[in-house]
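# A structural walkthrough
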Amino acid sequence: MGQLKSKHGGLDPVVVPNVHFSTNDEGPPTYSHGLPSTVISDVESSALEGGSKAGLQRFSAYSTLDMVPQQGHYAKTIMQKNLRSRPSLEALRKAFKEADAEIEVPTTDSGDSSLPDSGTEELKAPQAPVRFGWIFGVLIRTMLNIWGVILFLRLTLITSQAGIVLTWVIILISVAITTITGLAISAIATNGKVLSGGPYFLMSRSLGPEVGAPIGVIFSFANSQASALNAVGFAEVVQQLLQASGIIMVDRLNDIRIVGVITLVFLLLISLAGMEWETKAQVVFFIALMSSFANYLVGTIIPPSIEKQSKGIFGYNSKIFIANLAPNWRGPDGNFFQMFGLFFPAVSGILYGVNICGDLKDPNVAVPKGTLLAIFWTTISYLAISITAASCVVQDASGNITDIMTANMTGDCLGQGCQFGWNFTECIVSQSCHDGLANTQEVMGQLSAWYYLVNVGSFAATLSSSLGYLVSAPKIFQCLCRDNIYPYIGVFGKGYGKNDEPLRAYLLSFIIAVAFTLIGDLNIIAMLNSSLFMAVYTIINFSCFHASFTNSPGWRPQFIYYDKWVSLFGAVVSFVLMFIFSWWAGLVTLIIFILLWLYIYYKKPNLNWGTSIQAGSYNIALSASVALACVEDHVKNFRPQCLVLTGPPTQRPALVDFVNSFTKHASLMICGDIIMDKKTRPQEATDRLVKWMNKRKVHSFYSPFPAGSLRVGARNLLQASGLGKLKPNTLVLGFKSDWEDSSPESIEDYVNTINDTFDSNYCLCILRMMDGLDVSDQFNFEVNQAFEPDESAEKRDQQSSEGEPTDDVTVKGDSNETVFQDDQGKKTIDIYWIADDGGLTLLVPYLISRRKRWSRCRVRVFIVGEQLNKEESRKEMLALLKRFRLDFKDVRVLTDCERRPQTKNLDRFFDSVAPFRLYDEPQEGVSVAQNVPWKISDREFEAFKLKSETKVRLNEIIRKNSKRAALVFVSLPVPHSDCTSALYMAWLDTLTYGLHCPVVLIRGNQENVLTFYCQ
């Protein structure tokens, strides 16, 4: 049998070596090979269709490398080595002959490439996990989860107090909230493949881990609490039966606790047995519930006996119906919102299908279809039971058959029973009635055809709901644990068996449920549970709204019957009701959510799920950028937006930290990386550099650009960087410390970059460090040829003539820390404002001085003046700084700038430019300088001699005054068009020579960036 051969002699990834596909009725297709077998899901295997060879080797009409669209290219769970990946652009762009030689495709007689003949036997496929359809997986389970303790034990009591009208209002509002939430969760669940984890999985993948993880914790807790709620309801029914039989173990409260805990132990054992046993139990519970409902409805139409009449049951009667239409509030808890909060847990089980979405055959179909139908049928049942009970049973009854009215009875008769020949006045007056709609939770049993069958239904409803919640909570928590968002909970994420059952999480949920069961009060647990579920519904509805509102191309739910504004309305209503039901429970829930959110917000887990928060961030940034384009520039709003030529930022951390110290949270910063080999940087390398900046808390963009030279790259970055008004206005360079040893072309390139900057009307900053900026030698980085490695500016002299101590270290060992990350204490920031550039020389130091690390530094401003009017110049500058609202009060006037510099310093300058001097005379009418334009001719040297001496003298003054400075700013001299690049570099070198702190040569574009006007 033929097989595809690659250039290197290996198997081409289009072939799946030694693979056998098999299908069965119980689970999805599986494949096996020499390695352990791996299961392919139903959806993913459909593209392969039973291992079809044609399905594995379909090429486009353009090339044998170019493949037609295949589902396997988009699935994450199929191993990459088992399916041929989509070729890269680089592979497709190779020359035809080279691409043809890269791969050989032998074919059979039929023309189809064949699978390799492995010669090995197919390994037995692992047993497929149990998968459920929409009826057994969602519809029945959700209905059982919704029908719970409230249905049999509290619905008739709520009807007696709220009346038929308000009870229907409560039911319909509750159902409206759950329906809106059901529509929202259906839309979210059909927007991609759903794995296990329920609402947590959906919320975290929709709104991100910051929102999804807290909701996952709260929802898991709420499910465990709901399991306790239904266990307590079951225990109440059992306790009543035991009490009726004369059996009391301790007292009523402790009997409920004991029975509730025993019930949870029994349900835990069913859960640990696996999903198959849990399914069988749910089927039994469903049959029992249907029988109970039928028994109840039959009982309502059977004429009541004398015994039933003594309990207030008189069959369908318009008088009873009318009397029970209005509310009849009783007791301190008799109000609408208390009844609302008590009832709401009866409809909160709608998320069961989502909770077990990992066990469904097709969650995209099962979740919306099963959930919405379950809401519909359970709503019908609640409405029917409330109206039938309120149409057949009076409010108060004694249960005593001797209260029947006879002909010789005299006196007043109170209550609804008087109209039917019964006098319950005595118990009504003494408030001792034990029967009737308002006094007992056994109305459904008393009204039914056979009392004990309703008890069976009550057992089925409470046990099925309790079991459902006890199964849901661990599966949600397991998914949360496996995402490793919160510490110390990963141990609960381990799964066991073919269904990956979270046994450890089961035990944790059981412990939580037992804790709430020990409360023993059904009403208290119900109110707490309502607040927790309202918090979950708030996030679910907001998630649907946010995903729709952000208009992300990735939001394409298959379920389209939702509306973003309706979802927002559902979110607002759910949030408000969370506090109305129980303000303290709502407040506690909100505080817990905020604390869990803050942990993730500051931890920033490395997770990328393509959330709507990310889409929303893009929309906000895009809208703001477009709106900013319409905003006119004003000097008051000027910000130094910097393009920093860092090369790879990791190589020049000091340059990155310097600019970040005055742009962070204030203005734009772009790290430009000019790549000399004209090849784009791989995306993985770019991502590593961005992660490095993020870890360093540098707020900057990274922009690599291939170019043939520094000047070309810088010029293109100057023109193309930024977007609209978010465009750089300042170029930041590192000082070329090795200029004396560099090629003339390299020096010319560097100086021309400065000229291009001013031609583009940009501001300019050049940073020089004592030990250089490049740390690539220390950390074995690859050197970017556009940024030659810097050497110490002191390589010629180990120490300056003044003997300044070398106490500042720029890069500290392997920590890659710089001086800009250290607290500078009470040092000084010295500004040598030699030339008026519009104020940038003052603005940048001011922005740096606002940072915590530099806030204690004293800012000193040095200006050039004359001895005769020294004090006047100082006062004028102080007044100007005051009008600029800059709190710089230390101004010093330099009056000796015109003095001739010391001979040794002047000689050092002459020595630095000596290799670049041109001493030859013109030959044959052609100046030698035309052939070597970087050389300094004698005429040029003499013409600029006075300027050169001024630079040397300024350096002496700077070194004298700024021995202990933390940072020095010096006005950058603008390069003259007739000044050679070597001479200009000598000026810059001379100005910044001998300083052991960072020195910044800075120059604005001669336009104001400071103003003392308010408009």
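The structure this text deals with has already been given above.
What comes next is a walk through the structure. (Residues numbered from 1 in each chain as written. Predicted model: local features only at pLDDT ≥ 70, side-chain atom pairs only at ≥ 80, totals over all residues. Heavy atoms only, no water.)

## Focus on helix α26 (residues 683–695)
In an α-helix, one turn spans 3.6 residues; hence positions three or four apart end up facing the same way. Our working rule: Counting from the N terminus, the helices are the DSSP runs of H or I reaching at least four residues and the strands are the DSSP runs of E reaching at least two. Multiply 1.5 Å by the residue count of a helix minus one, and that product is the helix's expected span. Working definition: with a 1.4 Å probe on protein chains only, accessible area under 20% of the residue-type maximum means buried, over 50% means exposed, and in between means partly exposed. When we speak of the arc, we mean the arc of directions from the helix axis to the C-beta atoms. By definition, residues are in contact when any of their heavy atoms lie within 4.5 Å.
Counted at 1.5 Å a residue, the expected span for α26 with its 13 residues is 18 Å, and the 18 Å between its end C-alpha atoms agrees. Those residues of α26 that sit buried are Ala685, Thr686, Leu689, Trp692 and Met693. Buried residues of α26, seen end-on, are gathered within an arc of 120° and therefore sit on one face of the element. Opposite the buried face of α26, by more than 90 degrees, sit the exposed residues Gln683, Glu684, Arg688, Lys691 and Lys695. The inward-facing, buried residues of α26 abut α25 (653–663), β7 (669–675) and β8 (701–706). In the stretch just after α26, Lys697 is the one whose phi turns positive, near 60°.

## Some details on a nonpolar patch on the surface
The following threshold applies: The patches reported here contain residues having more than 30% relative accessible area and no salt bridge. Joining distances are 9 Å for like charges and 5 Å for nonpolar side chains (Val, Leu, Ile, Met, Phe, Trp, Tyr). Areas reported here follow the Shrake-Rupley algorithm with a probe of radius 1.4 Å; residue values treat only the protein chains shown as occluding. The salt bridge definition used is simple: a Lys or Arg side-chain nitrogen within 4 Å of an Asp or Glu carboxyl oxygen.
Taken together, the side chains of Trp583, Trp584, Leu587, Val588, Ile591, Ile592 and Leu595 make up a nonpolar region of the molecular surface, amounting to roughly 700 Å² of accessible area. The residue Ile592 is located in helix α23 (residues 583–603) in this model. Residue classification places Ile592 among the partly exposed positions, given a relative accessible area of 38%.

## Quick notes on the state of the cysteines
Filter applied, for reference: In this description, the term disulfide denotes a pair of cysteine sulfurs within 2.5 Å.
Within this structure, the stated rule accounts for two disulfides. Covalently, Cys413 is tied to Cys418 through a disulfide, its sulfur atoms 1.8 Å apart. An S-S torsion of about -95° defines the bridge between Cys413 and Cys418 as left-handed. Judged by relative accessible area, Cys418 falls into the partly exposed class, the value being 21%. The side chain of Cys427 participates in a disulfide bridge whose partner is Cys433; the two sulfur atoms lie 2.0 Å from each other. Disulfide Cys427-Cys433: the torsion about the S-S bond is 80°, which places it as right-handed. Judged on exposure class, the residue Cys427 and its partner Cys433 are both buried. The disulfide pattern of the protein is 1-2, 3-4 when the bonded cysteines are numbered in sequence order.

## So, the sheet that holds strand β10 (residues 763–768)
We count it as follows: DSSP bridges decide pairing: two strands pair if at least two such bridges lie between them. Lines fitted to C-alpha atoms define the axes here, with helix axes fitted over just the stretch in contact, and angles between the N-to-C directions of these axes take values from 0 to 180 degrees.
On the basis of which strands lie adjacent, the open sheet formed by ten strands has the order β8-β7-β6-β9-β10-β17-β16-β11-β12-β13 and mixed pairing. Sheet topology places β8 and β13 (890–894) at the edges, where each strand pairs with a single neighbour. Put simply, the sheet's adjacent strands are angled 20° from each other on average, direction ignored. As paired elements, strand β6 (residues 642–645) and strand β9 (residues 730–734) share three bridges and run parallel to each other. When the sheet's bridge partners are listed, Cys642 is paired in β9 with Thr730. Running over the sheet, helix α31 (residues 870–883) touches β12 (858–864) and β13 and is turned about 140° from β13. Those strands touched by helix α35 (residues 945–961) are β11 (828–832), β12, β13 and β16 (965–971), and its axis lies near 160° from that of β11.

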